[in-house]
Amino acid sequence: MDQNLVPVLPVVSAFLRKEHGLLVDGTSVQARAGGRIEVRNPATGEVIASVADGDEQDVEALVQSAHRAFAGGVWSGLRPADRERILLKFAEVIEAHGEELAQLETLNQGKSIHISRAIEVGASVEYVRYMAGWATKITGETMDVSIAVPQGTRYTAYTRREPAGVVAAIVPWNFPLMIAIWKLIPALAAGCTIVLKPSTETPLTALRLGELALEAGIPPGVVNVLTGRGSRAGQALASHPLVSKISFTGSTDIGKTVAHAAVDNMTRFSLELGGKNPMVVLADADVDKAIQGVLMGGFLNQGQVCAAASRLYIHRSKFDQIVEGVADTVRGMTLGSGLDLTAQVNPLVSSKQQQSVCRYLDIARAEGARVLAGGGKSDRPGYFVQPTVLTNVDHSKTVVREEIFGPVLVAMPFDSVEEAIQLANDTPYGLAASLWTNDLSAVMNLTPSIQAGTVWVNSHVPLDPNLPFGGHKQSGVGREFGRTAVESFTELKSVCIAH
Ligand code: NAD
């Protein structure tokens with residue numbers, strides 16, 4: 001037996017063999033039309049499980065379940081302290097099943113077990129605990145008002161934040177468990193009920209999360225899980241009139257489709273969308289730290305990170321050193337399954353994503369890019385693409401303008417700081433950016449002019465539950481994390497009392 005390969009837990013193998021249904025009202029129910037969707041292991045391409053292919057009729061049942069639970073007050077009617085206690089219990093349950101969830105995620109999504117353990121599970125458990133605390137901290141305000149009629153009447157006015165109602169949480173495939181949790185827990189803290197729709201490619205941890213919510217004491221019907229195709233189940237969910245709030249993470253194109261559907265019903269929505277995030281390295285930056293920053297910011301999760309550094313702007317004086325340093329490191333990286341503890345490069349999520357990334361690499365070559373490292377898929381089975389560094393590109397090139405969502409970096413030199421910031425902002429996206437310098441004045445002067453929801457200085461990609469995260473421009477609407485996230489699952493009511 002290969003000592004480097006994590007042995008799959010029996011509980012994980014048993015979960016893969018299950019005839020998974022949709023989670024409706026606390027019960028697993030098969031799709032009415034009986035359709036199934038195959039789930040593959042990206043490291044081998046083999047089918048490892050199947051899930052129900054929910055359609056419009058199934059969506060109706062799930063939304064009705066969430067609506068009944070909301071209207072019945074089984075969750076929103078609890079004391080905030082009880083919601084908090086149950087959410088803290090949910091964190092404990094997720095933690096207790098951490099290795100199981102991590103293995104499921106690695107088998108389904110392809111990512112390294114190290115990342116599944118530390119981020120999908122570890123960071124998510126901290127996030128649950130953080131958000132649980134918000135259940136008891138939702139507040140309104142009192143206002144002094146100057147209403148003059150009827151004469152002599154006095155008024156007391158205040159605002160309340162009330163749970164929005166049924167939430168549609170629509171999640172992508174890059175961090176399936178973590179992004180589901182990003183939506184679920186603030187919505188639950190606010191008192192909402194939920195229909196969670198994982199990606200077609202990566203539905204397994206969402207299904208297990210739904211079961212664990214029940215185990216933690218969240219009443220049946222509060223968390224419902226819909227598996228199915230985006231164009232059908234997702235679209236029906238986003239268009240459903242009983243959904244009060246849509247929290248969507250995914251591509252900008254689908255985000256726009258969802259927003260159009262939402263507007264027809266005046267459903268509230270927040271959108272976390274794509275990015276083409278710049279990393280700007282000034283002349284004084286520390287070269288070794290910048291190289292480490294590129295490796296982490298650009299190649300984490302094979303670059304399938306919405307906030308990944310994918311455009312590098314490096315001062316000409318440091319360009320060769322940094323770009324060669326990155327290329328040298330990635331050339332020596334070993335490819336392998338996410339369950340291989342020594343593998344440094346893991347597969348992309350699907351054959352479709354592998355083909356999409358390779359198509360961009362063909363376009364890059366045709367448009368004259370120089371491939372410094374990587375440049376294509378590997379010969380081994382599974383959906384691997386070598387980590388790739390491209391130079392000799394500019395803003396007229398497709399690979400500089402479009403989100404690739406894979407392990408592909410484009411690197412460009414600059415001469416002046418003004419030029420670097422202008423290039424960094426020359427994109428329809430505005431999710432995240434990073435600035436690498438030890439010059440405090442440069443940091444203070446430049447960060448306001450960078451068009452991005454998050455700007456890191458001397459790092460790229462770390463997130464914290466207390467720090468709002470979301471996009472400018474075509475990278476989205478609204479913010480996740482912190483107070484803002486919880487409030488996004490509430491409606492504001494003004495109360496005005498004459499006395
Ligand atoms: P996607 O847009 O294809 O799918 C996202 C989700 O929407 C999936 O669950 C899918 O089934 C569903 N969906 C598809 N069509 C739908 C429709 N018509 N109506 C309703 N739902 C529908 O995105 P993806 O390929 O799963 O994920 C990659 C994208 O997600 C990238 O663009 C990436 O940048 C973005 N992303 C953004 C963030 C962020 O926080 N900003 C985080 C992660 C990923």
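Keep in mind the model is a prediction, meaning the values are calculated, not measured. (Residues numbered from 1 in each chain as written. Predicted model: local features only at pLDDT ≥ 70, side-chain atom pairs only at ≥ 80, totals over all residues. Heavy atoms only, no water.)

The feature "active site" (unreviewed entry), as given by UniProt, occupies Glu272 in the numbering adopted here. Among the secondary structure elements, Glu272 is positioned in strand β11 (residues 268-272). Residue class for Glu272 comes out buried when judged on its relative accessible area of 6%. Not counting residues within four places of it along the chain, the set of residues in contact with Glu272 comprises Phe248, Thr249, Gly250, Leu431, Phe469, Gly470, Gly471, Ser475, Gly478, Arg479 and Glu480. (UniProt positions renumbered as here; feature names shortened; annotations may be inferred. Helix = DSSP H or I, 4+ residues; strand = E, 2+ residues; numbered from the N terminus. Buried < 20%, exposed > 50% of the residue type's maximum accessible area, 1.4 Å probe, protein only. Contact = heavy atoms within 4.5 Å.)

Another point: the sheet that holds strand β6 (residues 155-163). Taken in spatial order, the 3 strands make up an open sheet running β5-β6-β22, and their pairing is antiparallel. Strand pairing shows two members of the sheet lacking a second neighbour, β5 (142-143) and β22 (490-498), which therefore form its edges. Bridge analysis of β5 against β6 gives 2 bridges, and the strand direction is antiparallel. Its bridge partner lying in β6, Thr142 is registered against Tyr158. (Pairing = 2+ DSSP bridges.)

Right, let's get into the site of the ligand. The ligand sits among 30 residues. The nearest are Val171, Gln235, Ser251, Leu273 and Glu403. Within the contact set of the ligand, an oxygen atom lies 2.5 Å away from a side-chain nitrogen or oxygen of Glu403. When the ligand is considered free in solution it has 850 Å² of accessible area, and contact with the protein chains removes 91% of it. Counting only elements with at least two residues in the shell around the ligand, the list comes to α8 (230-238), β10 (245-249) and α9 (252-265). Here the shell around the ligand takes 4 residues from α8, the largest share from any one element. Among the residues making up the shell around the ligand, the classes are represented as 14 nonpolar, 13 polar and 3 charged. (Near = heavy atom within 4 Å. Polar contact = N/O pair within 3.5 Å; in protein donor to acceptor, adjacent residues only side chain to side chain. Areas by Shrake-Rupley, 256 points an atom, 1.4 Å probe, with all protein chains shown as cover. Nonpolar A, V, L, I, M, F, W, Y, C, P; charged D, E, K, R; others polar.)

Another point: the UniProt feature "domain: Aldehyde dehydrogenase" (unreviewed entry) in the protein. UniProt annotation of "domain: Aldehyde dehydrogenase" (unreviewed entry) refers to residues 34-495 when read in the numbering used here. The annotated region residues 34-495 carries 40% helix and 20% strand content, and the separation between its end C-alpha atoms amounts to 49 Å.

As a further point, take the nonpolar core. Counting 81 residues, the largest nonpolar core has Leu87, Phe90, Ile185, Leu188, Leu204 and Ile218 as the members making the most contacts within it. For this core, the leading source of residues is helix α6 (residues 176-190), giving 12 residues. Sequence-distant contacts of Phe90, defined by excluding residues within four places in its chain, comprise Leu184, Ile185, Leu209, Leu212, Ala213, Ala216 and Ile218. Of all hydrophobic cores here, the second largest spans 30 residues; its members include Leu390, Val408, Phe414 and Leu446. (Core = buried A, V, L, I, M, F, W, Y, C linked by side-chain atoms within 4.5 Å.)

What follows deals with the sheet that holds strand β14 (residues 370-373). Read across the open sheet, the 7 strands follow the order β14-β15-β16-β13-β12-β18-β19; overall the sheet is mixed. The open sheet has two edge strands with one neighbour each: β14 and β19 (454-457). Taken over all neighbouring pairs, the strand axes of this sheet differ in orientation by 25° on average, direction set aside. Strands β14, β15 (388-391) and β16 (408-414) of the sheet are contacted by helix α12 (residues 351-366), whose axis makes an angle of about 25° with β15. (Axes fitted to C-alpha atoms, helices over the stretch in contact; angles between N-to-C directions.)

The sheet contact formed by β6 and β22 spans 9 bridges and is antiparallel. Bridging from a neighbouring strand, Arg160 pairs with Lys493 of β22.

This next bit is on the packing of helix α3 (residues 80-96) against helix α7 (residues 204-215). Look at α3 against α7: their axes get within 9 Å of each other, and the N-to-C directions meet at 130°. Relative to α7, the element α3 lies oblique. When the axes of α3 and α7 are compared, the crossing they make is right-handed. Contacts between α3 and α7 involve Phe90, Val93 and Ile94 from the first element and Leu209, Leu212, Ala213 and Glu215 from the second. Residue classes in the contact of α3 with α7 are distributed as 6 nonpolar, no polar and 1 charged. (Parallel < 35°, antiparallel > 145°, perpendicular 65-115°, else oblique. Left-handed = near helix turned anticlockwise from the far one by under 90°.)

Further remarks concern the environment of Val8. By the element assignment, Val8 lies in the segment before α1 (10-17). Sequence-wise, Val8 and Gly406 are 398 residues apart; in three dimensions their C-alpha atoms are separated by 27 Å. Aside from chain neighbours lying at most four places away, what touches Val8 is Ser13, Gln103, Leu107 and Leu339.

Here the structure, examined in full by the defined rule, presents 5 aromatic pairs. Aromatic pair Trp182 and Phe469: ring centres 6.3 Å apart, planes at 70°, arrangement edge-to-face. Separated by 287 residues along the polypeptide, Trp182 in helix α6 and Phe469 in the loop between β19 and β20 (472-473) bring together distant segments of the chain. Taking the centre distance of 4.8 Å and the plane angle of 85° together, the rings of Trp182 and Phe481 count as edge-to-face. You can see Trp182 sitting in helix α6 and its partner Phe481 sitting in the loop between β21 (476-477) and α16 (482-487), a full 299 residues away along the chain. (Phe/Tyr/Trp six-rings, centres within 6.5 Å; stacked < 30°, edge-to-face > 60°.)

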